[in-house]
Amino acid sequence: MDIAILGYGTVGSGTVTVLNRNRETITEDSGEVIRVKSILDLRDFPGDPYEERITHDFEEILSNIESFYFIFNAIFYKPRFSKALHKLLYKLQLMQPRK
């Protein structure tokens, strides 16, 4: 089960930590292994175990949207991403296009 994390601050990195900490239980309960495939953030995280999965390009996540099982939105009060998030929700047919 591939997932994407949108934002890697307190909430996003905490989500990754909780998923890793509970990986065995989640796998046993769901029958699937969870893999963090992409993390969207404005910053770089040198030395982070997920450094290679961090992207600054929202389009990269959108272009692979069909491969994700879950997308966690961990972005709050970041206006730069609000338009991109709306675009994602529209693509997932969860919102109507802006007028």
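The structure reproduced in this document is the subject of the present report. (Residues numbered from 1 in each chain as written. Predicted model: local features only at pLDDT ≥ 70, side-chain atom pairs only at ≥ 80, totals over all residues. Heavy atoms only, no water.)

**Re the side chain of T55**
(1) Moving on: For T55, the position within the fold is in strand β3 (residues 54-55).
(2) Moving on: Of the residues examined, T55 reaches a relative accessible area of 5% and is grouped as buried.
(3) Moving on: There is a polar contact of 2.9 Å between the side chain of T55 and the side chain of E60.
(4) Moving on: In contact with T55, other than residues within four places in its own chain, are I39, L40, D41, E60 and I61. (Helix = DSSP H or I, 4+ residues; strand = E, 2+ residues; numbered from the N terminus. Buried < 20%, exposed > 50% of the residue type's maximum accessible area, 1.4 Å probe, protein only. Polar contact = N/O pair within 3.5 Å; in protein donor to acceptor, adjacent residues only side chain to side chain. Contact = heavy atoms within 4.5 Å.)

**Notes on the side chain of S38**
(1) Moving on: Position of S38 among the secondary structure elements: in strand β2 (residues 35-40).
(2) Moving on: If sequence neighbours within four positions are ignored, S38 has contacts with I3, A4, I5, R53, I61 and F68.

**Thoughts on the environment of D2**
(1) Moving on: With respect to the element layout, D2 can be found in strand β1 (residues 2-6).
(2) Moving on: With 30 residues separating them in the primary sequence, D2 and E32 have C-alpha atoms 9.8 Å apart.

**Brief notes about the pairing of β1**
(1) Moving on: The element β1 is extensively covered by neighbouring structure, given that five of its five residues are classed as buried.
(2) Moving on: Across five bridges, β1 lies against β2 in parallel orientation. Within β2, the position partnered with D2 by the bridge is R35. (Pairing = 2+ DSSP bridges.)

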